Amino acid sequence: MSYFLRRTAPLWLTTIISVYLFINYYFNIGGLQIEQLLLSFAVVITTASLGLGLINLSRSHILRIQRMQKGQWYYSIILLVSMIVTIVAGLFYGADSSEFTLLYDSTVSPLGSTLMSLFIVWLAPGAFRAVRIKNVESTALIITLMIILIGGSPIGSAYLLDSLTISSWLNSVLNAAAQRGLKITIGIGLVILGIRLLSGLEKTYLKGEITE
Amino acid sequence: MLLIEGRITGLILLIIMAFISIYMALIAERWSPQIRQLAGISVIPELIGRCAELGKPLHFTTGQGGSLAETEVGPQIMAGLSVFNYVARLCVKNGVKLIVSVGQTDTMGLLQEYVRDAYTAEGLPVPDMEEILRFHSRNQFAFISAVSGLMRRELPASNIVIGPIWAESAQLVCSGLEVGAMQLIGTARTSHIPFFAILSDYVLMGEEIYAAGAQLSGDKQTTNTLAAQDVSKFISILLLIIGVVFFTMTGNNFIKNLLGM
């Protein structure tokens, strides 16, 4: 691929489109409302890229079946069969049909809910790691954690009103302040990244730009 | 051509930030401030070295949700891709097997190009993309189940996650913990940063992921723009202090009204 296609063209394209969207956001320029068209390009590209994902997934699992990969090939068969059945149901009956929704509701939804409910199981190792006194910060974290736990529990809110007050203060003042601080800096970081992209200074996302 | 009401102050602040950024980039050859090296970025060669020493693969993902076209998550994915471009090169150079879990299909083309580029740069034949890039699903829990399973089968020595992460955060990082992977996680999703801070070895918090690309580029002009980020932070802090003091003393929401102009 030529240097122009690899670097110059994407940089210019990024800059021109970004400048246009930037002007369009701040000014009433009227008559040139092509931002919806640009956004629809994005939607089309994202949807079309699903095809790439489908090809990758199919090839990857077909390879596993061909190689009879130990402990995996039969799962690949299940996946491919499920995928084909879902695609066929969607194409022949439509995405809103009862046949298609039945497939989705009886498999994906319950599996998703099960995994969501397992979230607490995954939190346990985190909590275990967090409640270890190592230094001043971890001690402060444990004290805060205990107050929040007591404040959030029925017995705490029933008998220890002060802990509830402290708990809500910790949440609404300290936690909110820290979260807002983070959000402000994220916003600033985002803007500066935008400026770097707009001015062509950010190039690490381009092919062939990294030379460690 | 008229300015849209409510966006005037935003535009002025944006122009100030752009001016500082471009000015810092222009003076880069003459003067560069001392930029703090992000621990999470400096550790990447160590993560790859660990994989090389143990003869195990490195797992990378930018998460499953959103797309590059989305305002909030798009830049996070972009930051992840910038890091991946660097990671891919280092992995190929050190002969480390790379496994990438893909959830956002619109990144697939870019990821393929980075991998192909990394192998070509080292003069090596490009392997099957399906062995490296593995699209799992756009569904949150299907994706994370696949990643968990993959980690248990492939036993990566290092796990790098840079991008938008939702409720799959705990399972993602705990899977890495269970297989003994050294982990670098970065996200700008504030509600999930605490999990990562506790469970992973290195964290890139919020704005740090956007700075990662600049730091990795090693280019003076680009790294100098990070100083502009700090100047903008000082301006924000100043506005906050003036606003709080002014409101406390007079009860007037002057700064808030000014920002809302």
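Residues numbered from 1 in each chain as written. Chains lettered and ligands numbered in written order. Predicted model: local features only at pLDDT ≥ 70, side-chain atom pairs only at ≥ 80, totals over all residues. Heavy atoms only, no water.

Draft legend 1. Examining a nonpolar patch on the surface more closely. Residues and elements named next belong to chain A. A contiguous nonpolar surface patch, about 780 Å² in accessible area, is contributed by Val 131, Leu 145, Met 146, Leu 149, Ile 150, Ile 155, Tyr 159 and Leu 160. Mapped by element, the contributors of at least two residues to the nonpolar patch are helix H7 (136–152) and helix H8 (154–159). For the nonpolar patch, the element with the most residues is H7, which contributes four residues. Along the chain, the position of Tyr 159 falls in helix H8. Take Tyr 159: its relative accessible area is 68%, and that puts it in the exposed class. (Patch = residues over 30% accessible without salt bridge, like charges linked within 9 Å, V, L, I, M, F, W, Y side chains within 5 Å. Areas by Shrake-Rupley, 256 points an atom, 1.4 Å probe, with all protein chains shown as cover. Salt bridge = Lys/Arg side-chain N within 4 Å of Asp/Glu carboxyl O. Helix = DSSP H or I, 4+ residues; strand = E, 2+ residues; numbered from the N terminus. Buried < 20%, exposed > 50% of the residue type's maximum accessible area, 1.4 Å probe, protein only.)

Draft legend 2. Region of the structure containing the packing of aromatic side chains. Residues and elements named next belong to chain B. By the definition in use, this model includes seven aromatic pairs over all chains. Ring geometry for Phe 19 versus Tyr 23: centroids 6.3 Å apart, planes at 15°, classification stacked. Separated by four residues within a single helix, Phe 19 and Tyr 23 lie in helix H1 (residues 8–26), roughly one turn from each other. Taking relative accessible area as the criterion, Phe 19 reaches 58% and is therefore assigned exposed. For Tyr 23, a relative accessible area of 44% gives the class partly exposed. Residues Phe 84 and Tyr 114 carry aromatic rings whose centres are separated by 6.2 Å and whose planes lie at 45° to one another, so their mutual orientation is tilted. (Phe/Tyr/Trp six-rings, centres within 6.5 Å; stacked < 30°, edge-to-face > 60°.)

Draft legend 3. View of the packing of helix H2 (residues 35–66) of chain A against helix H3 (residues 73–93) of chain A. Residues and elements named next belong to chain A. Interhelical geometry of H2 versus H3 gives an angle of 145° and a closest axis separation of 8 Å. Where H2 crosses over H3, the handedness of that crossing is left-handed. Taking contact as the criterion, the partners of Leu 54, Leu 57, Ser 58, His 61, Ile 62, Arg 64 and Ile 65 in H2 are, on H3, Trp 73, Ser 76, Ile 77, Leu 79, Leu 80, Met 83 and Ile 87. Broken down by class, the residue content of the contact of H2 with H3 amounts to 10 nonpolar, three polar and one charged. (Axes fitted to C-alpha atoms, helices over the stretch in contact; angles between N-to-C directions. Left-handed = near helix turned anticlockwise from the far one by under 90°. Contact = heavy atoms within 4.5 Å. Nonpolar A, V, L, I, M, F, W, Y, C, P; charged D, E, K, R; others polar.)

Draft legend 4. Structural detail: the layout of surface pockets. Volume-wise, the second largest pocket comes out at about 1,600 Å³. Looking at the second largest pocket, it is lined by 42 residues, and the ones nearest its centre are Leu 57 and Leu 79 of chain A together with His 136, Ser 137 and Ala 142 of chain B. Among the secondary structure elements, those contributing two or more residues to the lining of the second largest pocket are H2, H3, helix H4 (98–106) and helix H5 (108–117) of chain A together with strand S4 (133–135) and helix H7 (140–154) of chain B. Here the lining of the second largest pocket gets 10 residues from one element, more than from any other, and that element is H2 of chain A. Split into classes, the residues belonging to the lining of the second largest pocket amount to 20 nonpolar, 18 polar and four charged. (1 Å grid on protein atoms, 1.4 Å probe; cavity = no way out; pocket = protein on both sides within 12 Å on 5 of 7 lines; lining within 4 Å. Points joined across faces, edges and corners; volume = space filled by probe spheres on them.)

Draft legend 5. Molecular detail of the interface of chain A and chain B. Tallying the contact residues gives 61 residues for chain A and 77 residues for chain B. With a closest N to O distance of 2.7 Å, Arg 67 of chain A and Glu 131 of chain B form a salt bridge. Taken together, the connections running from chain A to chain B amount to 12 residue pairs in polar contact (both at pLDDT 80 or more). When residues of the side of chain A that touches chain B are traced back to their parent elements, those giving at least two are helix H1 (3–26), strand S1 (27–28), H2, H5, helix H6 (119–130) and helix H9 (161–198) of chain A. In terms of residues, the side of chain A that touches chain B owes the most to one element, H9 of chain A, which gives 15 residues. Where S1 of chain A meets strand S1 (residues 2–3) of chain B, two bridges bridge the pair, whose relative direction is antiparallel. Residue Phe 27 of chain A lies in a different strand from S1 of chain B, and its bridge partner there is Leu 3 of chain B. (Polar contact = N/O pair within 3.5 Å; in protein donor to acceptor, adjacent residues only side chain to side chain. Pairing = 2+ DSSP bridges.)

Draft legend 6. Region of interest: the side chain of Thr 61 of chain B. Tracing the backbone through its elements, the reader meets Thr 61 of chain B in strand S2 (residues 58–61). Polar contacts involving the side chain of Thr 61 of chain B include one to the main-chain amide nitrogen of Gly 63 of chain B, which spans 3.0 Å.

Draft legend 7. Here's a closer look at the domain arrangement of chain B. Residue and element names in this part refer to chain B. Assigned domains of chain B: these are domain 1 (8–31 + 223–258) and domain 2 (39–217). Distance from the C-alpha centre of domain 1 to the C-alpha centre of domain 2: 33 Å. Contacts between domain 1 and domain 2 engage four residues on the former and four residues on the latter. Between domain 1 and domain 2, roughly 350 Å² of surface is buried when both sides are summed, and carbon and sulfur atoms account for 53% of that area. On the domain 1 side of the contact with domain 2, Thr 223, Leu 226 and Gln 229 bury the most area, a combined 80% of that side's loss. Summed over the shared surface of domain 1 and domain 2, the number is one salt bridge. Notably, a salt bridge pairs Lys 233 with Glu 207, separated by 2.9 Å at the nearest N-O pair. Linking domain 1 with domain 2 are two residue pairs in polar contact (both at pLDDT 80 or more), by the criterion used here. Residues of the side of domain 1 that touches domain 2, tallied by class, amount to one nonpolar, two polar and one charged. (Domains from an automatic or database assignment. Buried area = accessible area lost by both parts, 1.4 Å probe.)

Draft legend 8. Region of the structure containing the pairing of strand S3 (residues 98–102) of chain B. Residues and elements named next belong to chain B. Counted residue by residue, S3 has five buried out of five residues, so it is predominantly covered. Both faces of S3 are covered, namely the face carrying Leu 98, Val 100 and Val 102 and the face carrying Ile 99 and Ser 101. Where S2 and S3 come together, four bridges link them in parallel fashion. Bridge pairing links Leu 58 to Leu 98 in S3. Following the backbone out of S2, through helix H4 (residues 74–93) and into the adjacent parallel S3, one traces a crossover that is right-handed. (Right-handed = clockwise from strand over helix to strand, strands pointing away.)

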